[in-house]
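In case you want the letters, here they are:
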Amino acid sequence: MTRGLHEPFATLPRQREAATFGIWIFLATEMIFFGGLFLGYAVYRHEYPAGFAAAGARTDIVIGTANTMLLLTSSATMAAAVWSGRAGLRGNTLLALVLTALLGTGFLVLKAVEYRNDIDEGLVPGSPAFPLSEPGAELFFGYYWAMTGLHTVHLVIGVGALGLTAWRLWRGRLAWRGTGFLHVLGLYWHFVDVIWIFLFPLLYLMGR
Amino acid sequence: MTLEAEAGRGRPGQTLPRSYLGAGHSVRSWLLTTDHKRIALLYLGTITVFFLIGGSAATLMRLELVTPPGELVSADTYNRLFTLHGVIMVWFFLVPAVPATLGNFVLPLAIGARDVAFPRLNLLSWYLTIAGGVLVLASLLLGGVDTGWTFYTPYSSLYSNSYVTLAAMGVFVNGFGSIATGINFLVTIHTQRTRGLTWMRLPLFVWSLYAVSIVMVLATPALAVALLMVVVERLFDLGLFDPARGGDPILFQHIFWFYSHPAVYIMILPGFGVISEVLTCFARRRIFGYEAMVFAMLAIAIFGFFVWGHHMFVSGQSYYANLIFSFLSFAIAVPSAIKVFNWSGTLYGGHITFEASMLYALGFIGLFTLGGLTGLFVASVPIDVHVTDTYFIVAHFHYIMVGGMVTAFFAGLHFWWPKITGRLYSESFARLAALLMFVGFNFTFFPQFILGWMGMPRRYWSYPDDFQVLNVASSLGAVILAAAYLLPPVYLGLSLWRGKPAGDNPWDATGLEWTTSSPPPRENFAVLPVVDTEPYAYHADRVEPHRRGDASHRAVSQSSDPGDDA
């Protein structure tokens, strides 16, 4: 029996196809999941343009831009991992996976620093030290925390999955040849990246 | 004789595959199973427990409403009771009832597959449901939730002192179970159909699971994010819907109903599929208008996403939005009507027999039609303004949810029980239960239409004296209904012990699930079947239907199962 082939599939290509189809549906559900937050953001931004512009100018553009670069680069390394997996190059796959995980971790570290600065500046809804008085500014930061928070949770899951995959690949416990595993992981990673590509202009370039 | 001893009996020259029930007896073999049939039984046990909990809450409420003043429970307890009833019944009974239980069992069998596409994900779905259920039960034991099952803001996010966070997290987690089931079914139907089983040869039950899976994967995330926003607002004071900070509580209703109206179709579409299977079998008829049935279900699944605003006619949304949502709500009645007409057309000229499943199915058509027609009342803005938040609404959605879906669940459970267990239940007890359920249901809920029309609001624990007669009638009906619900566990349970062996195909039904043994072996089929005929080939084209058992008149027998009908 072929390694990595699971019941009820008869062939690996069929199983790959099913896995790819499944992850695409899952990503569609994720889009609607984030969609609720994007909808709320859009409604309030329409209602309070001045408050959103003033609040958007207070986010940390330097860290935000650095993080965007980290994530975009990580998508490139992730793609490299998927393609080397397809070409059967075990060493290259492992290297690319580790690089992707490191870039993701870098994002998380910077994000933690940013969160800390935000809290120090009182950029938290309901905080007595909240510096802005424009109507809607608190709502902006409500969505800032909810959206980046949910994105961060997704990224943590992604980094965890990458680490686990790399470890299993290194120990030879992963059936990666011919299965859709790396491709599925890659699609998830790219999705988390794409969400960030939308969050960055909405939260960081707003009001500048 | 034990179940597995007689199960999986093969034909001469075949090895005897063991029944899925005999594939292991330890607790571990059940809790770590990836067999879709065992997972279906795990779900069956789970939803039965939740049905009893939700039903007990309903019983207490009906008891409280026997007398006009609030005597039995306090107003606050009553709030917690109807919230508990709603949350449990919607998310832990109705949503998983047919898809995750009957669907899980039948789907791979009906498409000639060995299992669903992702068996481990299937097990994970069950664990997510259990985890969500534990959270909800924890909130119940700690003191309950008083927001109503809709979790409307700003009450739920800013004011309620009950265990909203815990309950909302429970529903949230359970939602991912339902998403996983939806993904699994979609991929299964796309990739696991056996040879020759083209899209237009799929049984309507499979199509209904396909349609419901689309709704599950596209709607449930909206619920998840709505509840997540309530939870983070409570935990971190983010104020996403807080009017004091310029937030809009109505926004929550939009996101919530963007899920919860399609969720109504999650709860009724699989019922459509079950009824189509049962009606054709006991009328010995091909389905009338197969393609219209398929497209009607898909149309309902899609249109269902564009009518959520009819829950908010009195919330102050724009007049024009009301008009459009009202129009679309009328439009969605068209595919539902197509289905009812086609079921009637299927019965026409058939050899109808009144087995228990058939009684349930016929009851379904009547009750669903009543529920659907009153839906048109409330789709019309002026009438809806009059009856909003009255018992008319309560009666309307119970006709769809209980009269429709619960009836369909019982129809399907009785239809496939011999396949699931390999045993026949007592037909006379089953018929009695079906009739009692129909009578008890109407007795309970029809008076509520009148009460609502007279203006009795929902969610109150006391009411003026004028309403007492109808409330007592409704509570008496609830007693009959409760008795009817307690019967099936008794005689179905007895059938496991005393029931006659069912044989492979006790109803002489078409459909691949009936070509394998009862109960089926772990791998479902000894040899995967090949399909060369359309579904519901109960009689040849342009030939009168024949009585059951008269198999020589079948159009084409399933090619993998030569002459096993006798």
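Quick caveat: nothing in here was measured; it's all calculated off a predicted structure. (Residues numbered from 1 in each chain as written. Chains lettered and ligands numbered in written order. Predicted model: local features only at pLDDT ≥ 70, side-chain atom pairs only at ≥ 80, totals over all residues. Heavy atoms only, no water.)

## Observations regarding the overall build of chain B
The number of helices and strands found in chain B is 17 helices and zero strands. The C-alpha radius of gyration of chain B comes to 23 Å, within 12% of the 24 Å expected for a compact globule of 566 residues. Its C-alpha atoms put chain B at 75 × 50 × 45 Å along the principal axes. In chain B, buried positions account for 61% of the 566 residues. Total accessible area on chain B is roughly 20,500 Å²; 68% of this is exposed by carbon and sulfur atoms. Charged side chains in chain B number 31 positive and 32 negative. The centres of these two groups are separated by 9 Å. (Helix = DSSP H or I, 4+ residues; strand = E, 2+ residues; numbered from the N terminus. Rg over C-alpha atoms; globule rule 2.2 N^0.38 Å. Buried < 20%, exposed > 50% of the residue type's maximum accessible area, 1.4 Å probe, protein only. Areas by Shrake-Rupley, 256 points an atom, 1.4 Å probe, with all protein chains shown as cover. Lys, Arg positive; Asp, Glu negative; His and termini not counted. Charge placed at Lys NZ, Arg CZ, Asp CG, Glu CD.)

## Topic: the overall build of chain A
A count of helical and extended segments in chain A gives six helices and zero strands. Helices and strands appear in chain A in the N-to-C order α-α-α-α-α-α. When the backbone C-alpha atoms are referred to their principal axes, chain A occupies close to 65 × 30 × 25 Å. By element, 70% of the accessible surface of chain A is carried by carbon and sulfur atoms, the whole surface being about 9,200 Å².

## Some thoughts on the interface of chain B and chain A
Frequently, the measure chosen for interface size is the accessible area removed from exposure when the parts meet. Tallying the contact residues gives 35 residues for chain B and 30 residues for chain A. In this assembly, chain B packs against chain A so that about 2,700 Å² is buried in total across both faces, 73% of it on carbon and sulfur atoms. With its nearest N and O atoms 3.7 Å apart, the salt bridge here joins B:Arg245 to A:Glu138. Our count for the chain B to chain A interface comes out at four residue pairs in polar contact (both at pLDDT 80 or more). (Contact = heavy atoms within 4.5 Å. Buried area = accessible area lost by both parts, 1.4 Å probe. Salt bridge = Lys/Arg side-chain N within 4 Å of Asp/Glu carboxyl O. Polar contact = N/O pair within 3.5 Å; in protein donor to acceptor, adjacent residues only side chain to side chain.)

## Topic: the layout of surface pockets
By volume, the second largest pocket is sized at about 1,700 Å³. Residue lining of the second largest pocket: 47 residues in total, with A:Ile23, A:Phe181, A:Val184, B:Leu121 and B:Leu124 positioned closest to the centre. Of all the secondary structure elements, the ones that give two or more residues to the lining of the second largest pocket are α1 (12-47), α5 (137-170) and α6 (181-205) of chain A together with α5 (119-142) and α7 (164-191) of chain B. At nine residues, the largest contribution of residues to the lining of the second largest pocket is made by α1(A). When grouped by side-chain class, the residues that make up the lining of the second largest pocket number 28 nonpolar, 10 polar and nine charged. (1 Å grid on protein atoms, 1.4 Å probe; cavity = no way out; pocket = protein on both sides within 12 Å on 5 of 7 lines; lining within 4 Å. Points joined across faces, edges and corners; volume = space filled by probe spheres on them. Nonpolar A, V, L, I, M, F, W, Y, C, P; charged D, E, K, R; others polar.)

## What to know about unusual backbone geometry
As a rule of thumb, non-glycine residues mostly have phi less than zero, and peptide bonds are mostly trans rather than cis. Along the chain, A:Glu7 connects to A:Pro8 via a cis peptide bond; the corresponding omega equals 0 degrees. Topologically, A:Pro8 is positioned in the segment before α1. In this structure, the amide linkage connecting B:Ser518 to the following residue, B:Pro519, adopts the cis form with an omega of -15 degrees. Mapped onto the elements of the fold, B:Pro519 is located in the segment after α17 (468-498). Positive phi, normally seen in glycine, also occurs at B:Asp508, with a value near 55 degrees. Summarising the element assignment, B:Asp508 is placed in the segment after α17. The phi torsion at B:Asn524 lies on the positive side, around 75 degrees, for a residue other than glycine. Relative to the elements of secondary structure, B:Asn524 occurs in the segment after α17.

## Looking at the confidence of the model for chain A
Put simply, chain A has an average pLDDT of 94, and 99% of its residues get 70 or more. Here helix α2 (residues 49-56) of chain A stands out as the element of chain A with the lowest mean pLDDT, 94, in contrast to helix α4 (residues 90-120) of chain A, whose mean of 97 is the highest. (pLDDT = per-residue confidence, 0-100.)

## Some details on the nonpolar core
Residues and elements named next belong to chain B. Residues Trp91, Phe151, Leu269, Trp343 and Phe409 are the most contacted members of the largest nonpolar core, which totals 236 residues. It is helix α8 (residues 204-236) that contributes the most residues to this core, 23 residues altogether. Leaving out residues up to four positions away in the same chain, Phe409 has contacts with Leu44, Ile47, Phe93, Ala97, Val98, Thr101 and Leu102. The next biggest cluster of nonpolar side chains, apart from the first, holds six residues, and it includes Ile39, Leu42, Ala100 and Leu123. (Core = buried A, V, L, I, M, F, W, Y, C linked by side-chain atoms within 4.5 Å.)

## Thoughts on the packing of aromatic side chains
Residues and elements named next belong to chain B. Per the counting criterion, the structure on display carries 63 aromatic pairs over all chains. Considering the side-chain rings of Trp126 and Tyr127, the 4.9 Å spacing of their centres and the 70 degrees angle between planes classify their relative orientation as edge-to-face. Since its relative accessible area comes to 8%, Trp126 is described here as buried. When its relative accessible area of 32% is taken as the criterion, Tyr127 is described as partly exposed. Ring geometry for Tyr319 versus Tyr320: centroids 5.7 Å apart, planes at 80 degrees, classification edge-to-face. (Phe/Tyr/Trp six-rings, centres within 6.5 Å; stacked < 30°, edge-to-face > 60°.)

## Points about helix α4 (residues 75-110) of chain B
Residue and element names in this part refer to chain B. Given a rise of 1.5 Å per residue, 36 residues ought to cover 52 Å, and the 49 Å separating the end C-alpha atoms of α4 matches this to within 8%. At Pro96, α4 shows its maximal kink, close to 60 degrees. Here α4 lies mainly inside the structure; 31 of its 36 residues are buried. Among the residues trailing α4, Gly112 stands out with phi positive, at a value near 70 degrees. (Expected span 1.5 Å × (residues − 1). Bend = angle between axes of the 7 residues up to and from the residue.)

## So, the packing of helix α15 (residues 391-421) of chain B against helix α16 (residues 427-454) of chain B
Angle between the axes and distance between the axes are the two parameters that describe a pair of packed helices. Residues and elements named next belong to chain B. Following both chains from N to C, one finds α15 and α16 inclined at 170 degrees, their axes separated by 8 Å at the closest point. Between α15 and α16, the interaxial angle falls into the category roughly antiparallel. In this structure, α15 contributes Tyr391, Phe392, Val394, Ala395, His396, His398, Tyr399, Val402, Gly403, Phe410 and His414 to the contact, and α16 contributes Ala430, Met437, Phe441, Asn442, Phe445, Phe446, Gln448, Phe449, Leu451, Gly452 and Trp453. When its residues are assigned to classes, the contact of α15 with α16 shows 15 nonpolar, seven polar and no charged. (Axes fitted to C-alpha atoms, helices over the stretch in contact; angles between N-to-C directions. Parallel < 35°, antiparallel > 145°, perpendicular 65-115°, else oblique.)

## Focus: the pattern of salt bridges
This structure, assessed with the given rule, holds 16 salt bridges over all chains. Residues B:Asp35 and B:Lys37 are paired through a salt bridge, measuring 3.1 Å at the closest nitrogen-oxygen approach. Each member of the pair, B:Asp35 together with B:Lys37, is buried. A single salt-bridge network, built from bridges that share partners, covers A:Glu138, B:Asp237, B:Asp242 and B:Arg245.

## With respect to a positive patch on the surface
Residues A:Arg3, A:Arg168, A:Arg171, A:Arg173 and B:Arg120 make up a contiguous surface patch of positive charge. Its place among the elements puts B:Arg120 in helix α5. (Patch = residues over 30% accessible without salt bridge, like charges linked within 9 Å, V, L, I, M, F, W, Y side chains within 5 Å.)

## Focus on a nonpolar patch on the surface
All names here are of chain B. There is a patch of nonpolar side chains on the surface, built from Val27, Leu31, Leu32, Leu124 and Tyr127 and spanning about 440 Å² of accessible area. Within the residue set of the nonpolar patch, elements represented by two or more residues are α2 (27-31) and α5. You can see Tyr127 is positioned in helix α5.

## With respect to the packing of helix α13 (residues 356-379) of chain B against α15(B)
Residues and elements named next belong to chain B. Two numbers describe how α13 lies on α15: the axes approach to 8 Å, and their chain directions differ by 160 degrees. If you check the angle between α13 and α15, you find them roughly antiparallel. α13 and α15 meet at a crossing whose hand is left-handed. A per-class count over the contact of α13 with α15 returns 17 nonpolar, 10 polar and no charged. (Left-handed = near helix turned anticlockwise from the far one by under 90°.)

## Quick notes on empty space enclosed by the protein
The probe, sized like a water molecule, is rolled over the atoms to show the empty space still left. All names here are of chain B. Scanning all chains against the criterion turns up seven cavities of 30 Å³ or more. The space that makes up the second largest cavity amounts to roughly 80 Å³. Surrounding the second largest cavity, Tyr43, Trp91, Val95, Pro96, Pro99, Ala100, Thr129, Asn174, Gly177, Ser178, Thr181 and Met216 form its lining. Counting only elements with at least two residues in the lining of the second largest cavity, the list comes to α4 and α7. Grouping the amino acids of the lining of the second largest cavity by side-chain chemistry returns seven nonpolar, five polar and no charged.

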